[in-house]
Amino acid sequence: MDNVQLLISGLANGCVYGLIALGFVLIYKATEAVNFAQGDFMMLGAFVTIGLTNTEYMGLPFWMALPISIAIMAGLGYLLDRLVIRRMFGQSQTAVVILTIALGFVIRFVAGLIWGHEPQTLQNPLAGREIAFGGLVLGMEDVAVIVVTVLLTGSLFLFFSRTKLGLAMQGASQNQLAAYYMGIPVKRVQGFIWALAGAVAAIAGILFAAKGSVDPSTGLLGIKAFAAAVIGGFGSLPGALAGGLIVGVIEPFASRYIAAGYSQIAPYALLLAVLVFRPHGLFSQVRVKKV
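Being a predicted model, the structure only gives us computed values, none of them experimental.

(A) Quick look at the overall build of the chain. If you tally the helices and strands in the chain, you get 12 helices and two strands. Secondary structure of the chain in N-to-C order comes out as α-α-α-α-β-β-α-α-α-α-α-α-α-α. For the chain, the C-alpha radius of gyration of 19 Å lies close to 19 Å, the compact-globule estimate for 291 residues. When the backbone C-alpha atoms are referred to their principal axes, the chain occupies close to 60 × 50 × 35 Å.

Given below as C-alpha cells:
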C-alpha cells in the first residue's frame, strides 16, 4: 500500500512537470524556440493567483481568481512575444535561449520583490480534503492535478491535430516563409502560441500551489520539466506528459529505495540514458523537414 501511495504522489508531481513540459513543447512546435523561462512563468502564475486569492492580499473568491490569473499569464506570454521575442527575428536560436534564461532571472527577482522569498501557500477549497478507500488516502489536490492535466493534454493534442489553427501553427514551425506565402498569419500565430503557453504555465502554477508551498526558486522546476520534455520527445504533446509522469514517479521511489546522495540524480540519469539510446525521446514524432 505504501508503494501505491508513493505512485499516486509521484503521478501528481509528474503531472505538474508534464504541464510545464507542455509549455516547452507548445512553443517549440510553433516557433522552434526553447523557452527556458517556462518554469518561472509557472511560478509567476502561482504567485499571481496567490495575490488575487489569499486574504492577506486581494482576497477574491478562488473560482473568480482562476480565470483572471490564466488571462493575466496569457497576456504576459503574448506581450513577451510581441515586445521581446519578435525583436530577435533573424537571430540564432542560441540567442533566444540566452534571452529566455535571462528572463527567468528577471521573473524570479520581480516575484521576490513583490511577494518576498518566504514560501507561501494558495488558499483553496481543496486544501485538507481527502478521499480514503481501503488503506489508501488521496488528497483532493492530487486528484485535481491528475484530472486537469489529462484533460488539458488531450484537448491540446486534438487542437494541434484537428483544428485549422493548430495545423497552421505546425506549418509555421516547419517553414515560416512558406507558411506566410500560403496565407498563414505567422506573427499572429506565434503570438497566440506564446499566450497559450502562458495560460498553460498559469494552470500548472495554480495546481502546484494548491498542493504545496511556492517561493521564487520554484521556477527552477523548469529544469526537471525540460528533462521530462526531452525524455518524452520534444515535439510530442503526449510525450511531454508521459515524460513528466516518468520523472515524477521516479523521484519518490528513488528517495525511498536509493541513498539520498544518489536518488536526486535519478531523473537526470534516465535523461542521459534516453539521449544515448533514443535521442529523439521515448515518444518522439520524427518528421522530415522540407526546406
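(B) Examining the UniProt feature "transmembrane region" (unreviewed entry) in the chain more closely. The UniProt entry lists residues 6-28, 35-54, 60-80, 92-116, 136-160, 191-210, 225-250 and 257-277 under the feature "transmembrane region" (unreviewed entry), expressed in the numbering used here. Taken as a whole, residues 136-160 contains 84% helix and 16% strand, while its terminal C-alpha atoms sit 37 Å from one another.

(C) Region of interest: the packing of aromatic side chains. For the coordinates displayed, the defined rule picks out nine aromatic pairs. Relative to Trp-63, the ring of Phe-62 has its centre 5.0 Å away and its plane inclined at 80 degrees; by these criteria the two rings are edge-to-face. On the accessibility criterion, Trp-63 (60% relative accessible area) is exposed. Here Phe-253 and Tyr-257 contribute two aromatic rings whose centre-to-centre distance is 6.4 Å and whose plane-to-plane angle is 15 degrees, an arrangement assigned as stacked. Taken together, the residues Phe-253 and Tyr-257, both in helix H10 (residues 237-257) and four residues apart, mark about one turn of the helix.

(D) Spatial organisation of the pattern of salt bridges. All told, the structure shown has three salt bridges when counted by the stated rule. A salt bridge links Asp-142 to Lys-211, with the shortest nitrogen-to-oxygen separation between them at 3.7 Å. Remark: Lys-211 occurs in helix H8 (residues 186-211) and Asp-142 occurs in helix H5 (residues 140-162); sequence separation between them is 69 residues. We classify Asp-142 as buried; its relative accessible area is 17%. On the basis of relative accessibility, which here comes to 27%, the residue Lys-211 falls in the partly exposed class.

(E) Representation of the nonpolar core. Ranked by size, the top nonpolar core spans 71 residues in total, and within it Ile-20, Leu-26, Leu-156 and Ile-193 carry the most contacts. Of the residues forming this core, the biggest block, 14 residues, is contributed by H8. Excluding anything up to four places from it in sequence, Leu-156 contacts Leu-22, Leu-26, Leu-196, Val-200 and Leu-237.

(F) Fine view of the environment of Asp-2. One can find Asp-2 in helix H1 (residues 2-31). Sequence-wise, Asp-2 and Gly-59 are 57 residues apart; in three dimensions their C-alpha atoms are separated by 38 Å.

(G) Helix H3 (residues 62-83), seen in detail. For H3, built from 22 residues, the straight-helix expectation of 32 Å at 1.5 Å per residue is met to within 8% by its first-to-last C-alpha distance of 31 Å. Residues of H3 that are buried: Phe-62, Ala-65, Leu-66, Ser-69, Met-73, Ala-74, Gly-77, Leu-80 and Asp-81. Down the axis of H3, the buried set is contained in an arc of 165 degrees. They therefore lie on one face. Buried residues along H3 sit against helix H2 (38-53), helix H4 (93-115) and H8.

(H) Broad picture of the side chain of Ser-69. Here Ser-69 is to be found in helix H3. A relative accessible area of 0% means that Ser-69 is categorised as buried. A distance of 3.1 Å separates the side chain of Ser-69 from the side chain of Thr-49, its partner in a polar contact.

(I) Looking closely at the side chain of Thr-153. Relative to the helices and strands, Thr-153 resides in helix H5. Overall, Thr-153 belongs to the buried group, its relative accessible area being 5%. When sequence neighbours within four positions are dropped, the list of residues in contact with Thr-153 reads Leu-22, Leu-237, Pro-238 and Leu-241.

(J) Layout of the environment of Phe-109. Residue placement: Phe-109 occurs in helix H4. Sequence separation between Phe-109 and Tyr-17 is 92 residues; the distance between their C-alpha atoms is 22 Å.

(K) Fine view of a nonpolar patch on the surface. The grouping of Met-64, Ile-68, Ile-72, Leu-76, Tyr-78, Leu-79, Leu-83 and Val-84 at the surface amounts to a nonpolar patch, some 630 Å² of accessible area in total. Mapped onto the fold, Val-84 is located in the loop between H3 and H4. What makes Val-84 partly exposed here is its relative accessible area of 30%.

(L) Molecular detail of the packing of helix H9 (residues 221-232) against H10. It is the contact of H9 with H10, at a shortest axis distance of 7 Å, that shows an interaxial angle of 120 degrees. Here H9 is positioned oblique relative to H10, judged by the angle of their axes. The handedness of the crossing between H9 and H10 comes out as right-handed. Counted together, Lys-224, Ala-228, Ile-231 and Gly-232 of H9 and Gly-239, Ala-240, Gly-243, Gly-244, Ile-246, Val-247 and Glu-251 of H10 form the full contact between these two elements.

(M) Up close: the environment of Val-249. By the secondary structure assignment, Val-249 is in helix H10. Sequence separation of Val-249 and Pro-267 is 18 residues, and the distance between their C-alpha atoms is 9.5 Å. When sequence neighbours within four positions are dropped, the list of residues in contact with Val-249 reads Leu-7, Gly-10 and Leu-11.

Conventions used here
- Residues numbered from 1 in each chain as written.
- Predicted model: local features only at pLDDT ≥ 70, side-chain atom pairs only at ≥ 80, totals over all residues.
- Heavy atoms only, no water.
- Helix = DSSP H or I, 4+ residues; strand = E, 2+ residues; numbered from the N terminus.
- Rg over C-alpha atoms; globule rule 2.2 N^0.38 Å.
- UniProt positions renumbered as here; feature names shortened; annotations may be inferred.
- Phe/Tyr/Trp six-rings, centres within 6.5 Å; stacked < 30°, edge-to-face > 60°.
- Buried < 20%, exposed > 50% of the residue type's maximum accessible area, 1.4 Å probe, protein only.
- Salt bridge = Lys/Arg side-chain N within 4 Å of Asp/Glu carboxyl O.
- Core = buried A, V, L, I, M, F, W, Y, C linked by side-chain atoms within 4.5 Å.
- Contact = heavy atoms within 4.5 Å.
- Expected span 1.5 Å × (residues − 1).
- Arc of directions from axis to C-beta.
- Polar contact = N/O pair within 3.5 Å; in protein donor to acceptor, adjacent residues only side chain to side chain.
- Patch = residues over 30% accessible without salt bridge, like charges linked within 9 Å, V, L, I, M, F, W, Y side chains within 5 Å.
- Areas by Shrake-Rupley, 256 points an atom, 1.4 Å probe, with all protein chains shown as cover.
- Axes fitted to C-alpha atoms, helices over the stretch in contact; angles between N-to-C directions.
- Parallel < 35°, antiparallel > 145°, perpendicular 65-115°, else oblique.
- Left-handed = near helix turned anticlockwise from the far one by under 90°.

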